[in-house]
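Each chain, letter by letter, is given below.
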Amino acid sequence: DDSYKDMPAKDTYDRIMLYVSSVLRYGKSPYVYPLYGLGELPQSFARRSAIYGGTYMLDTPVESLLYNDDGTVKGIKSKDGEAYCSKIIGDPSYFPGKSRKVGKVIRAI
């Protein structure tokens, strides 16, 4: 498939620059391999999020969730103020009545 030849080079350039900035930011490689347990996997998620401008609010007590008029989430309210977003990732127990089950996770050793 040679369709890539008709595509603009900008997308490829942007991806190369993202890779280079990841290497410059995190050392020898932008990739995380879990050498010391699976705790490094959330770290890799945090790294990728940081590259795209994501914000982590660890150990921040949430007073309430903020919603748009149509019921979609728009942020959180904490003692330090309000933070706005388009998505919140968390355990469903934090969102009673606002989450739905869409699958199962099976764990086995």
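Here the structure is shown first, and the text comes after it.
Here's a quick rundown of the structure. Just so it is clear, the model here is predicted, and its values are computed rather than measured. Residues take numbers from 1 onward in each chain, read along the sequence in its written order. pLDDT decides what is reported in this predicted model: residues at 70 or higher carry local features, side-chain atom pairs at 80 or more are listed and counted, and totals for whole chains, interfaces and linings draw on all residues regardless. Side-chain figures throughout are based on the complete set of non-hydrogen atoms in the structure, without hydrogens or water.

A few words now on the overall build of the chain. Helix and strand counts for the chain come out as two helices and three strands. For the chain, the sequential pattern of α-helices and β-strands runs α-α-β-β-β. Three exposure classes are used, based on accessible area relative to the maximum for each residue type with a 1.4 Å probe and protein chains only: buried under 20%, partly exposed in between, and exposed over 50%. The 109 residues of the chain split such that 9% are buried. By definition in these notes, contact holds between two residues if any of their heavy atoms fall within 4.5 Å. In the chain, of all internal contacts separated by at least 6 residues, the share reaching a separation of at least 24 is 19%. Areas reported as accessible are Shrake-Rupley estimates using a 1.4 Å probe. Residue values count occlusion only from the protein chains shown. Of the roughly 10000 Å² of accessible surface on the chain, a fraction of 56% belongs to carbon and sulfur atoms. A helix here means a DSSP run of H or I that spans at least four residues, while a strand means a run of E at least two residues long, and both kinds are numbered starting from the N terminus.

Quick look at the side chain of Ser 78 now. Tracing the backbone through its elements, the reader meets Ser 78 in strand E2 (residues 73-78). The class for Ser 78 is buried, based on a relative accessible area of 6%. Excluding its chain neighbours within four sequence positions, the residues that come into contact with Ser 78 are Thr 60, Pro 61 and Glu 63.

On the surface, Tyr 13, Ile 16, Met 17, Tyr 19 and Val 20 cluster together into a nonpolar patch covering about 470 Å² of accessible area. Relative to the assigned elements, Met 17 resides in helix H1 (residues 10-26). Accessibility expressed as a relative area gives 38% for Met 17, which makes it partly exposed. Two distance rules govern patches: like charges are joined within 9 Å, and nonpolar side chains (Val, Leu, Ile, Met, Phe, Trp, Tyr) within 5 Å, applied only to residues with over 30% relative accessible area and no salt bridge. By definition here, a salt bridge exists when the distance from a side-chain nitrogen of Lys or Arg to a carboxyl oxygen of Asp or Glu is within 4 Å.

At least two DSSP bridges between two strands are needed for those strands to be called paired. Spatially, the three strands line up as an open sheet ordered E1-E2-E3, and their pairing is antiparallel. Here the strands that pair on one side only, and so sit at the sheet edges, are strand E1 (62-67) and strand E3 (81-84). Neighbour to neighbour, the strand axes of the sheet diverge by 25 degrees on average, direction disregarded. When E2 meets E3, the two strands line up antiparallel, connected through four bridges. Opposite Ser 78, over in E3, you have Gly 81 as the bridge partner. The convention used is that axes are lines fitted to C-alpha atoms, helices contributing only their stretch in contact, and that angles between N-to-C directions extend from 0 to 180 degrees.

Bridge analysis of E1 against E2 gives five bridges, and the strand direction is antiparallel. Following the sheet pairing, Tyr 67 is matched in E2 by Val 73. Between E1 and the antiparallel strand that follows it, E2, lie five residues; Gly 71 among them carries a positive phi value of about 90 degrees. Linkage of E2 to E3, two consecutive antiparallel strands, is achieved through a turn of two residues.

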